[in-house]
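Spelled out, the chains give:
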Amino acid sequence: MYSNAQYLRDELNGQVDMIRLDINGITSFVPLDPANTDYQRIMALVEDGKLTIAPAEEPTE
Amino acid sequence: MTNAVNLASAAGTGFFRNKLINGGFDVWQRGTSFSATTPVFTADRWFVTHAGSSLSATYSRQDAVGVWGQAKYYIRLARTAGSGMTVHSFTQRIEGVETLQDGKATFSFDCRDLTGAQTIGVRLVQNFGSGGSADVTIASQSVAVPSGSSPQRRSVTFDIPSIAGKTIGTSDYLALIIDLPLGGNFQIDLANAQLEVGSVATPFERRLYGQELALCQRYYTLLASQLVYSYVTGSSYITINNIALPVTMRASPTVAYSGVSTNLVSAGPSTNTATATSLRVSITSSGAGYSYADYTVALSAEL
């Protein structure tokens, strides 16, 4: 269900605030909000070692 | 005014007594027909889950005018093949585990099956959220779904436990779960679903479409024909649009784009930030000129 996950930075302030990943094959963006149920499931998969989230790319400037 | 006062008095608890959202199956932001993936949201706020060896099923909106009293639509849950089914249920999660706690609650709905009589189960589950106490299931009750074209209204009453002493975590809810038959095929039609306080089923509360849509948009919002656009003098310029959401969502939503059409865009549309009240969408230009993306965006803060 969840795959190809990577953290994303806010392009305005450079802060990591989002995960980009595929949900059932659809590119999706999940905010780092504990109340978001996708985020809850993603973190549970990470904790169980079933999903890895790639680090965010470094800011270009 | 006299009528309004009387109506509220008759209901005992005034307006918005139906704790279900979209109990009339009027709002279908995701589409009007769905196949048997799991879980799959159908009408807004309602989703189907299943487990089993194989399943062929369709969940669809049907025209109710002239069939179901004042209803405009109903939902048809049709299974045409299946084997080894262990779960097949139709659910709505109501935000806030405190909903209807420590008292009686009654679920009522219209139903029928054109292909034959069925028996379904109805149960409630108190979920205390991430980090909260363990689920509490309120025992399932059987309901007979009549065969034939004439729908009948059914009701079941539950004793819902107190939540005193429980730990409430994040994203807690009360779930209404309709357990569909696990054996054989069916074509169950449901309309006018209502869950309310007390032991008496009152007439279905038909809210205005705009009210129901706004209630749904707290959990799922579909914004079509969106545009992020600017004139740029070269590549690698980032354009960001801020969109104010029509309704404050339950949480910062998951975002997905579809129907994307772009010009002079090397990346995007992408989500810069998403909060319960706004969305910032970005694109990166691939050259000089009008750089834009036309898209539909879906935002989900479902429980």
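Novice: Run through the overall build of chain A, naming residues and quoting values.
Specialist: Each helix and strand counted, chain A has one helix and four strands in total. Traced from its N-terminal end to its C-terminal end, chain A shows the element sequence β-β-β-α-β. For 61 residues, the compact-globule formula gives about 10 Å, and the C-alpha radius of gyration of chain A, at 12 Å, lands near that figure. Split into buried and exposed, the 61 residues of chain A put 41% on the buried side. Across chain A, the fraction of contacts at a sequence separation of at least 24, relative to all contacts at a separation of at least 6, is 30%. In chain A, 4 side chains carry a positive charge and 11 a negative one; their mean positions are 7 Å apart.

Novice: I'd like a description of helix 2 (residues 209-217) of chain B, backed by residues and values.
Specialist: Residues and elements named next belong to chain B. The set of residues buried in helix 2 consists of E212, C216 and Q217. Angular distribution of buried residues about the axis of helix 2 spans 140°; they occupy a single face of the element. Where helix 2 is buried, its residues meet strand 13 (220-244).

Novice: Quick one: what's the story with the sheet that holds strand 7 (residues 103-113) of chain B, residue by residue and with numbers?
Specialist: Two pairing modes exist for strands in a sheet, parallel and antiparallel, and in both the strands are linked by backbone hydrogen bonds. All names here are of chain B. Strand order in the open sheet formed by six strands is 1-4-5-12-7-10, with antiparallel pairing between adjacent strands. The outermost strands of the open sheet, each flanked by one partner alone, are strand 1 (33-35) and strand 10 (152-160). With strand direction ignored, the average angle separating the axes of adjacent strands in the sheet is 25°. As paired elements, strand 1 and strand 4 (residues 54-63) share three bridges and run antiparallel to each other. Bridging across to strand 4, S35 finds its partner in T58.

Novice: Describe unusual backbone geometry, listing the residues and the values that go with them.
Specialist: Along the chain, B:T38 connects to B:P39 via a cis peptide bond; the corresponding omega equals -10°. With respect to the helices and strands, B:P39 occurs in the loop between strand 1 and strand 2 (40-41). In the segment running from B:G268 into B:P269, the intervening peptide bond is cis, with an omega of 5°. Here B:P269 lies in strand 15 (residues 265-274). Phi is positive for A:N4, close to 55°, though the residue is something other than glycine. For A:N4, the location among the structural elements is in strand 1 (residues 2-9). Look at B:L264: it is not a glycine, yet its phi comes out positive at around 55°.

Novice: Residue-level account of the interface of chain A and chain B, with values.
Specialist: Residue-level contacts link 21 residues of chain A with 25 residues of chain B. Carbon and sulfur atoms make up 50% of the surface buried where chain A meets chain B, a total of about 1,600 Å² over both sides. Viewed at the interface, chain B and chain A are joined by zero salt bridges. In this assembly, chain A and chain B are joined by twelve residue pairs in polar contact (both at pLDDT 80 or more). Judged from the two bridges that link them, strand 3 (residues 26-31) of chain A and strand 14 (residues 254-263) of chain B form a sheet pairing that is antiparallel. Looking at strand 14 of chain B, one finds that A:S28 is bridged to B:A256.

Novice: Explain the pattern of salt bridges residue by residue, including any values.
Specialist: Per the stated rule, a full pass over the model turns up 14 salt bridges over all chains. Residue A:D38 pairs with A:R41 through a salt bridge whose shortest N-O separation is 3.7 Å. Residue A:D38 and its partner A:R41 are located together in helix 1 (residues 37-47), separated by three residues, close to a single helical turn. For A:R41, a relative accessible area of 35% translates into the label partly exposed. Of the charged contacts in the structure, one is a salt bridge between B:E205 and B:R17, with a shortest N-O distance of 4.0 Å.

Novice: Give me the lowdown on the environment of B:S35, citing residues and values where you can.
Specialist: Residue and element names in this part refer to chain B. Within the secondary structure layout, S35 lies in strand 1. Sequence separation between S35 and T49 is 14 residues, and the spatial gap between their C-alpha atoms is 11 Å. In contact with S35, other than residues within four places in its own chain, are V40, A57 and Y59.

Novice: Give a detailed account of the side chain of B:Q29, specifying residues and quantitative values.
Specialist: Residues and elements named next belong to chain B. Checked against the element boundaries, Q29 lands in the loop between helix 1 (2-11) and strand 1. In this structure Q29 comes out as buried when scored by relative accessible area, which is 14%. Engagement of the side chain of Q29 in a polar contact is seen with the side chain of D44, the distance being 2.7 Å. Of the polar contacts made by the side chain of Q29, one reaches the backbone oxygen of Y220; its length is 2.8 Å. Ignoring any residue separated from it by four or fewer positions in sequence, one finds Q29 in contact with D44, L213, C216, Q217, Y220, T221 and L222.

Novice: Lay out the environment of A:N36 in plain terms, naming residues and giving numbers.
Specialist: Along the chain, A:N36 falls in the loop between strand 3 and helix 1. You can call A:N36 buried: its relative accessible area is 2%. If sequence neighbours within four positions are ignored, A:N36 has contacts with A:V30, A:P31, B:R250, B:A251, B:S252, B:P253, B:T254 and B:S300. Among the polar contacts made by the side chain of A:N36, one reaches the main-chain carbonyl oxygen of B:S252 at a distance of 2.8 Å.

Conventions used here
Residues numbered from 1 in each chain as written. Chains lettered and ligands numbered in written order. Predicted model: local features only at pLDDT ≥ 70, side-chain atom pairs only at ≥ 80, totals over all residues. Heavy atoms only, no water. Helix = DSSP H or I, 4+ residues; strand = E, 2+ residues; numbered from the N terminus. Rg over C-alpha atoms; globule rule 2.2 N^0.38 Å. Buried < 20%, exposed > 50% of the residue type's maximum accessible area, 1.4 Å probe, protein only. Contact = heavy atoms within 4.5 Å. Lys, Arg positive; Asp, Glu negative; His and termini not counted. Charge placed at Lys NZ, Arg CZ, Asp CG, Glu CD. Arc of directions from axis to C-beta. Pairing = 2+ DSSP bridges. Axes fitted to C-alpha atoms, helices over the stretch in contact; angles between N-to-C directions. Buried area = accessible area lost by both parts, 1.4 Å probe. Salt bridge = Lys/Arg side-chain N within 4 Å of Asp/Glu carboxyl O. Polar contact = N/O pair within 3.5 Å; in protein donor to acceptor, adjacent residues only side chain to side chain.

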